[in-house]
Amino acid sequence: MYFDYLLYLQTINFLGMIKITLPDGSVKEFAKGTTPMDVAKSISEGLARNVISASFNGTTVESSTALNADGNLVLFTWNDKEGKKAFWHSTSHVMAQVLEEMYPGIKLTLGPAIDNGFYYDVDFCETKISEADFKKIEDRMLEISREKHEFTLRPVSKAEALAIYKGNEFKTELIENLEDGTITFCDHSNFTDLCRGGHIPNTGIIKAVKIMSVAGAYWRGDEKNKQLTRVYGISFPKQKDLTDYLELLEEAKRRDHRKLGKELELFAFSQKVGQGLPLWLPKGAALRDRLEQFLKKAQKKAGYEQVVTPHIGQKELYVTSGHYAKYGADSFQPINTPAEGEEFLLKPMNCPHHCEIYNVRPWSYKDLPKRYAEFGTVYRYEQSGELHGLTRVRGFTQDDAHIFCTPEQLDEEFKKVIDLVLYVFGSLGFENFTAQISLRDQENREKYIGSDENWEKAENAIINAAKDKGLNTVVEYGEAAFYGPKLDFMVKDALGRSWQLGTIQVDYNLPERFDLTYKGADDKLHRPVMIHRAPFGSMERFIAILLEHTAGNFPIWLMPEQAIILSLSEKYEKYAEKVLNLLENHEIRALIDNRNETIGKKIRDAEVQKMPFMLIVGDEEERNNTISVRRHGQEGKGNISVTIEEFASMIQDEISKTLKTFEV
Ligand SMILES: [Zn+2]
Ligand SMILES: [Zn+2]
């Protein structure tokens, strides 16, 4: 038997067969020189029609690349991230072709795919691209696409490549940095570009194209270099996809948290105070406070203790923690005092302060875990070009906490943190999320601090906890921090966009650096493990995401005002006051609009303010001791007439739908 098998293997080798392993683990044999497209065809014609790119042994290949060795093959369609990347990058070739046609003499540089579409950086030299030309460019691109030109890669020598790009200093620089023998050109139609690959089979599948915008961009992102023009575009395999995408963009604009923050009077920025330093207006501050109280209440149940630490700390503190090495030079510079040599830093992280709280007294294993929580404001200097509303700021408040526990407690603690995070997401209406588990790079274990044994414990704790809680997980090897593995929650908002929210990180480094200890059952000193966690991430970022996710229609328990009383005329002011009083007794947040305006105008203004309930009071209501209730965004549905008690239970019902009690 065994002998036969060997003979069989030799025969295969002789015939020039290769073994292709597919993602489902199945292994198929093919003749040497088989292409990914051939493999797709062998599976099904339907798949072959949809395959647009591939990767072989982890490297991007064309669907027409000849495979000459055994290996793992992944076939990508438009539905894969890699498929879209190939699609968009290929479209950038077509755009470059059209730009060259329309603006002779321009110099092409680089044209990669990005998260949404692609761009090409171009030196337009004497000419200039204008928005008025976009349509013409799109039309010509589609014309070329319809001609179904194949993309083909061909190797060229360095000398040949340099000769072809003589006069284009950008491509010349790129080629200079490549090794002879590794350089390829990509041809389609009559156009050629320096490119290492990753294309769709042919231009025919590009059915919809949109040039989005142009912007300035320095060559290789360095402001000392020449400024180029970056032309942004996007393309799709169906016209409908483009229409949907443009609608989504419009909706995203309407939901932009910077716009809503202004309209709802939540926060503002002042050039005098400084860029990236948000000012919370009364309504925004109340919103923040409500979120903080909500989390504090759950945390208290989960055994956290609230602590408070200063906004600055001695430079030495951050030298000890390692944060000075990480943030020092690129962030806010030390604050000097009249005392010579004394230096303080704005805190970039709360962790060092919490380590020192742990160090205030000795601990026994019986005292652990200790869980210290703080809404701690930290400061990091972001480049002004990177600042963006509340999502990228220079001062922000983390819903931070640090758990100090024994290695044996890690499992349990991790599960508890996940419970808390899930409770937070559920109460705020985020239902669609994945948990990204970042583990060590198994090949380079020496890069990480902490013993192998502890790492295994921590990694298993995360994996088991995520599994136990039924999370939808993605595992990323090599993405762990040098000090420990972590779990990040990625949420999808109402528009399908992904955001990174809460994070849970295991840390072996800081306990070491701050010499944290506890006395074990063996009477000896041991190092505790530290967990950093923040379900919101930061208050600023979280509120920004929540604004965009809900378009300002927060869950009712969180709304700054839950109802507005609209009096039909001054005559009913007294009754409106009475209604307000009764609502307050039911702990409903409400206010009165007594302005001398028409009811139509009052309703319109309340709609803009995203007021969840409008309570109209007039003659009939006063006589019957009722209110006429109208819901936000439901014009034409007719109002319902109810008593205050009935309305109070309506709101209570609604609140209990999202805001559950946190169970430990
Ligand atoms: Zn290319
Ligand atoms: Zn921390």
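The structure contained in this document is the topic of the report that follows.

Cut-off values and rules
Residues numbered from 1 in each chain as written. Chains lettered and ligands numbered in written order. Predicted model: local features only at pLDDT ≥ 70, side-chain atom pairs only at ≥ 80, totals over all residues. Heavy atoms only, no water. Donors = N, O, S within 2.8 Å, 3.2 Å for Na, K, Ca; no water. Helix = DSSP H or I, 4+ residues; strand = E, 2+ residues; numbered from the N terminus. Buried < 20%, exposed > 50% of the residue type's maximum accessible area, 1.4 Å probe, protein only. Pairing = 2+ DSSP bridges. Axes fitted to C-alpha atoms, helices over the stretch in contact; angles between N-to-C directions. Contact = heavy atoms within 4.5 Å. Parallel < 35°, antiparallel > 145°, perpendicular 65-115°, else oblique. Left-handed = near helix turned anticlockwise from the far one by under 90°. Nonpolar A, V, L, I, M, F, W, Y, C, P; charged D, E, K, R; others polar. Core = buried A, V, L, I, M, F, W, Y, C linked by side-chain atoms within 4.5 Å. Tetrahedral: all angles 85-135°; square planar, octahedral: opposite > 155°, others 65-115°. Expected span 1.5 Å × (residues − 1). Phe/Tyr/Trp six-rings, centres within 6.5 Å; stacked < 30°, edge-to-face > 60°. Lys NZ or Arg CZ within 6 Å of the ring centre and 35° of its normal. Salt bridge = Lys/Arg side-chain N within 4 Å of Asp/Glu carboxyl O.

Comments concerning the coordination of the zinc ion (ligand 2)
Metal coordination angles in their ideal form are 109.5 degrees for the four-donor tetrahedron and 90 or 180 degrees for the six-donor octahedron. Around the zinc ion (ligand 2), the protein contributes the donor atoms Cys351 (SG), His402 (NE2) and His532 (ND1), at 2.0 to 2.4 Å from the metal centre. Within one chain, the residues serving as donors to the zinc ion (ligand 2) are arranged as C-x50-H-x129-H. Placement of His402 in strand S21 (residues 395-405) and of His532 in strand S28 (residues 529-534) is noted, with a sequence separation of 130 residues between them. Summarising the burial analysis for this pair, His402 and His532 share the class buried.

Description of the sheet that holds strand S31 (residues 613-617)
Ordered by their spatial adjacency, 5 strands build an open sheet running S30-S29-S31-S32-S33, and the pairing between neighbours is mixed. Bordering the open sheet on either side are strand S30 (590-593) and strand S33 (640-642), each of which pairs with just one other strand. Within this sheet the neighbouring strands show an average axis-to-axis angle of 30°, counted without direction. Pairing of strand S29 (residues 563-567) with S30, which is carried by 4 bridges, proceeds in the parallel orientation. Pairing of Leu566 across the sheet is with Asp593, part of S30. Across the sheet, helix H18 (residues 573-585) is in contact with S29, S30, S31 and strand S32 (627-631); its angle to S30 comes to roughly 170°. Sheet contacts for helix H19 (residues 599-608): S29, S30, S31 and S32; angle to S29, the most-contacted strand, approximately 170°.

Observations regarding unusual backbone geometry
Here the residue pair Leu368 and Pro369 is connected by a cis peptide bond, since its omega of 0° sits within 30 degrees of zero. Checked against the element boundaries, Pro369 lands in the loop between helix H13 (351-358) and strand S20 (370-379). Non-glycine residue Ala551 carries a positive phi angle of around 55°. By secondary structure assignment, the location of Ala551 is in the loop between helix H17 (539-550) and S29. If you check the backbone angles, Lys610 has positive phi at about 60° while not being a glycine.

Brief notes about the packing of helix H4 (residues 81-102) against helix H5 (residues 134-146)
Each pair of packed helices gets described by two things: the angle between the helix axes and the distance between those axes. At a minimum axis separation of 9 Å, H4 and H5 run at an interaxial angle of 120°. Regarding the angle of H4 to H5, the classification is oblique. Classified by chirality, the crossing of H5 by H4 is right-handed. Contacts between H4 and H5 involve Thr91, Val94, Met95, Gln97, Val98, Leu99, Glu101 and Met102 on the former and, on the latter, Lys136, Ile137, Arg140, Met141, Ile144 and Ser145. Class assignment of the residues belonging to the contact of H4 with H5 gives a composition of 8 nonpolar, 3 polar and 3 charged.

Re the nonpolar core
Burial of nonpolar side chains together is a common tendency in soluble globular proteins. Counting 85 residues, the largest nonpolar core has Leu428, Leu487, Phe489 and Phe647 as the members making the most contacts within it. Apart from residues lying up to four places away in sequence, Leu487 is in contact with Phe414, Ile418, Ala435, Gln436, Ile437, Ile462, Ala466, Gly502, Thr503 and Ile504. By size, the runner-up hydrophobic cluster in this structure holds 37 residues, among which are Phe191, Ile200, Ala208 and Leu242.

Let's talk about the coordination of the zinc ion (ligand 1)
With distances of 1.9 to 2.1 Å, the protein atoms coordinating the zinc ion (ligand 1) are His89 (NE2), His93 (NE2), Cys195 (SG) and His199 (NE2). Relative to the metal, the 4 donor atoms surrounding the zinc ion (ligand 1) lie at angles of 95 to 128°, and the coordination shape comes out tetrahedral. One chain supplies every donor to the zinc ion (ligand 1), and in sequence these donors are spaced H-x3-H-x101-C-x3-H. Like Cys195, the residue His199 is buried in the burial classification.

Regarding helix H10 (residues 282-301)
The end-to-end C-alpha distance of H10 is 29 Å, a good match for the 28 Å that 20 residues give at a rise of 1.5 Å each. Within the sequence span of H10, burial applies to Gly284, Leu287, Arg288, Arg290, Leu291, Glu292, Phe294, Leu295, Ala298 and Gln299. Two residues or fewer after H10 comes Gly303, characterised by a positive phi angle close to 85°.

Notes on the packing of aromatic side chains
What characterises a pair of aromatic rings is the spacing of the ring centres plus the angle enclosed by the ring planes. Counted by the stated rule, this structure contains 28 aromatic pairs. When the centroid spacing of 5.8 Å and the interplanar angle of 70° are considered together, the rings of Tyr119 and Tyr232 count as edge-to-face. Here Tyr119 is found in strand S8 (residues 117-123), whereas its partner Tyr232 is found in strand S13 (residues 227-236), with 113 residues between them in sequence. Judged by relative accessible area, which is 25%, Tyr232 ranks as partly exposed. Following the ring pairs from residue to residue traces out a cluster consisting of Phe425, Phe430, Phe433, Phe489, Phe536 and Phe542. The lysine or arginine in question, Lys84, covers the ring of Trp78, its NZ or CZ lying 5.0 Å from the ring centre.

With respect to the pattern of salt bridges
One pass over the full model with this rule turns up 43 salt bridges. Between Glu251 and Arg254 there is a salt bridge, with the nearest N and O atoms lying 2.9 Å from each other. Of this pair, Glu251 and Arg254 are both found in helix H8 (residues 239-255), 3 residues apart, which corresponds to roughly one turn of the helix. Between Glu413 and Arg371 there is a salt bridge; the shortest N-O distance is 2.9 Å. With a gap of 42 residues between them, Glu413 in helix H14 (residues 410-427) and Arg371 in strand S20 connect regions that are remote in the sequence. By relative accessible area, Glu413 is classed as buried at 3%. Taking the relative accessible area as the measure of exposure, Arg371 reaches 11% and is therefore buried. Here the salt bridges do not stand alone but share partners, grouping Arg440, Arg445, Asp452 and Glu459 into one network.

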